[in-house]
Structures are given as structure tokens and as C-alpha cells.
Amino acid sequence: MIRSMTGFGRGAFASPEKQINVEIKTVNHRFLDLSVKLPRMLMCFEDRIRKGVQARLKRGKVDVFVTYVELQKPSSEVHVDKGLADAYLKSFGEIVEEYQVKNDVTATTFLRLPDVITVTGGEMDEDVVWSEINVALTEALDNLISMRETEGATLKDNLMGMLDNIETEMSVVKERAPQVPLEYKEKLEARLAVLLQNDAVDPQRLAQEVAFFADKCSVDEEITRMYSHISQFRDILNNGEEVGRKLDFLVQEMNREANTTGSKANDITLTGSVLNIKSEIEKIREQIQNLE
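Residues numbered from 1 in each chain as written. Predicted model: local features only at pLDDT ≥ 70, side-chain atom pairs only at ≥ 80, totals over all residues. Heavy atoms only, no water.

Caption draft 1: Looking closely at helix α8 (residues 244-264). Between its first and last C-alpha atoms α8 spans 31 Å; for 21 residues at 1.5 Å apiece the expected length is 30 Å, and the two agree. Within the sequence span of α8, burial applies to G244, L247, L250, V251, E253, M254, N255, E257, A258 and T261. The secondary structure elements touched by the buried residues of α8 are α4 (126-176), α7 (220-239) and α9 (268-288). (Helix = DSSP H or I, 4+ residues; strand = E, 2+ residues; numbered from the N terminus. Expected span 1.5 Å × (residues − 1). Buried < 20%, exposed > 50% of the residue type's maximum accessible area, 1.4 Å probe, protein only. Contact = heavy atoms within 4.5 Å.)

Caption draft 2: Quick peek at α9. Look at α9: 30 Å from first C-alpha to last across 21 residues, which is about the 30 Å you get at 1.5 Å a residue. Of all the positions in α9, only L270, S273, V274, I277, E280, I281, I284 and I288 are classed as buried. Buried residues along α9 cover an arc of 125 degrees about the axis, so they all sit on one side. Residues of α9 that are exposed and point over 90 degrees away from its buried face: I268, L275 and E286. (Arc of directions from axis to C-beta.)

Caption draft 3: Just unusual backbone geometry, in detail. For D115, which is not glycine, the phi dihedral falls at a positive 75 degrees. By the secondary structure assignment, D115 is in the loop between α3 (107-111) and β6 (117-120). Overall, D115 belongs to the exposed group, its relative accessible area being 57%.

Caption draft 4: Seen up close, the nonpolar core. If you look at the biggest cluster of nonpolar residues, it comprises 30 residues, and the most contacted ones within it are F233 and I284. Elements with a contribution of two residues or more to this core: α4, α7, α8 and α9. Sorting elements by how many residues they give to this core places α4 first, with eight residues. Discounting residues that sit within four places of it in the chain, I284 has contacts with L159, M162, L163, I166, F233 and V251. Counting 25 residues, the second largest nonpolar core, distinct from the first, contains F45, V53, W130 and L141. (Core = buried A, V, L, I, M, F, W, Y, C linked by side-chain atoms within 4.5 Å.)

Caption draft 5: Inspection of the packing of α7 against α8 at higher detail. For the pair α7 and α8, interaxial distance at closest approach is 10 Å and the crossing angle is 160 degrees. Taken together, the axis directions place α7 and α8 in an arrangement best described as roughly antiparallel. The hand of the α7/α8 crossing is left-handed. Each of E222, R225, M226, H229, I230, Q232, F233, I236 and L237 in α7 lies in contact with α8, whose residues at this interface are K246, L247, L250, V251, E253, M254, E257, A258, T260, T261 and K264. Grouping the amino acids of the contact of α7 with α8 by side-chain chemistry returns 10 nonpolar, four polar and six charged. (Axes fitted to C-alpha atoms, helices over the stretch in contact; angles between N-to-C directions. Parallel < 35°, antiparallel > 145°, perpendicular 65-115°, else oblique. Left-handed = near helix turned anticlockwise from the far one by under 90°. Nonpolar A, V, L, I, M, F, W, Y, C, P; charged D, E, K, R; others polar.)

Caption draft 6: Looking closely at a nonpolar patch on the surface. Together, V78, V80, L111 and I117 make up an exposed nonpolar region whose accessible area comes to about 370 Å². As for its placement among the helices and strands, V80 is situated in strand β5 (residues 77-80). (Patch = residues over 30% accessible without salt bridge, like charges linked within 9 Å, V, L, I, M, F, W, Y side chains within 5 Å. Areas by Shrake-Rupley, 256 points an atom, 1.4 Å probe, with all protein chains shown as cover. Salt bridge = Lys/Arg side-chain N within 4 Å of Asp/Glu carboxyl O.)

Caption draft 7: Spotlight on the packing of α8 against α9. Where α8 contacts α9, the axes come no closer than 10 Å and their chain directions differ by 165 degrees. Between α8 and α9, the crossing angle belongs to the class labelled roughly antiparallel. The handedness of the crossing between α8 and α9 is left-handed. Facing L247, D248, V251, Q252, M254, N255, A258, N259, T261 and G262 of α8, the residues of α9 in contact are V274, I277, K278, I281, I284, R285 and I288. Class assignment of the residues belonging to the contact of α8 with α9 gives a composition of nine nonpolar, five polar and three charged.

Shown next, in the form of C-alpha cells:
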């Protein structure tokens, strides 16, 4: 399904201990430009978040915002290394006996001794936290993509309508173009009759002049290519997903055919239709800038 590059999605994970929110905002961009904003404690997950987004989005300027609220501090445990404490006490006793100093050892002393008292627990389990972040990230991406697809469907309908308008004008060009050389022939004969008065017009020379003019202003090839481009455009809209770059190229080709037709047109009706076609092509160009 065709997607717009503009959208917003939000996802969340909640437990008694924590609340994780992920918000993703996207706008149009030629390539995938990804920015991830995380709390410092979650910076280790940036690469995994990037890969998760890149797996599902191909184009657009993407801003990912992650918030983390700790609702309940994880419990910690204090451990006393009694064997090490006994060894320190024994050493203190030897110092007192050897140097005749005061033994002023208190419980506070042990708090300052390395490795006698250690605190465990409360550390982040990265695998668990990532699984929780991924729940919120997946929900946010699902909601974002759903919004982009909804807008993409609207864009597709608009583009189809513009293609219909171009076809309507092309039918005018197709019908009118063959009449231009015939009218030129009639006007040329009338002018020559006035200029030559009683002298006869050389029919062979006249035919050559008309043939040269007809060849010069012929837009048959441009008409054929324009209809082909319109058909390809519709096929891409109906069948494609990542269509933006393909359609951008196709619009350039359509504009080229319109310009060539306009430069060959020696008729006010053709010129009017070409101007209308170019106007619709420009509208299409603006619209497809927002397609993924």
C-alpha cells in the first residue's frame, strides 16, 4: 500500500515498576534521516531502536522520542563478606598488639573497607528492558504506518484525479493536432492566391511546404509517450509501495513531453491544453514529494 511520509505514532509499555513511552514523528525527506532522543540511562539501546525503525521505514525525516519513568525503585541487597571482615579484625588486633595503639574500630570502619560490604540488585537487565522498549516501539511504528497509509490512500486518489485531467487535455491535443496542418494549408493557399492573383499556385511546391510544416509541428510521438507515462504512473500507484523515487522520474519525463508539445504547437487551442497539462504535472510533482 502507498504511504505518505508524514505521520505520527505513539506506543507505550506499562508495569507496576515503570512506564515507557515511544513517540515517532515523520515528515518528507529525500532519504531516511533518523534521529533518536533517549534518556541517558537508555543510550545503550539506540542502535537497536535505529535498526527497528530502519526495518520498517525507507524514506522520511524521522524523529523518535523515548521517555522512561521509574515508578518503583528495584530492591537492592546488602552483603557482608564475613570472612574478609574477620581477616581485617585479626589484622587490626595484630597492629594494636605490635604497636601499642588504640583499637578504635567501629562498624563505620567496615563501610570504608573495600569489598567487605557490597550492594547487589537494582541493576538494569538489558534484555528485559529492551523487550519492554520494543513493545512500545512496535506499537508506535504500527500506529505511524497506519496513519501514513491512510494519508497515502488520499494522495493516491488525488493523483489519479490529476492523471484523469491530463488525459482529458491530451484527448483535445490528439483530436486537434491533425487539424493544424490542414488549416495551415488553407491559410497558405489563401495568402498565395492574393499574392499571385491570376498566376497559378504550384501544387507540388504547396504540398512540400505543407508537408514540411506538418512534420515540424507533429506531436504524434509526444502523444504516444505521454499516454505511456500516464499508464505507467497508474500501474505504479496501484502496485507499488516505495513509489516516490519512481514517480519523481516519471513526472520529469511527462514534463519533458509537455514542453516539447508546447514548443511545436502552432495553435492557440493546443497551447491552452499544454498549459493545463503542465499545471496538473506541477501539482503532481508537489504531491509525490510526500510519498515514501
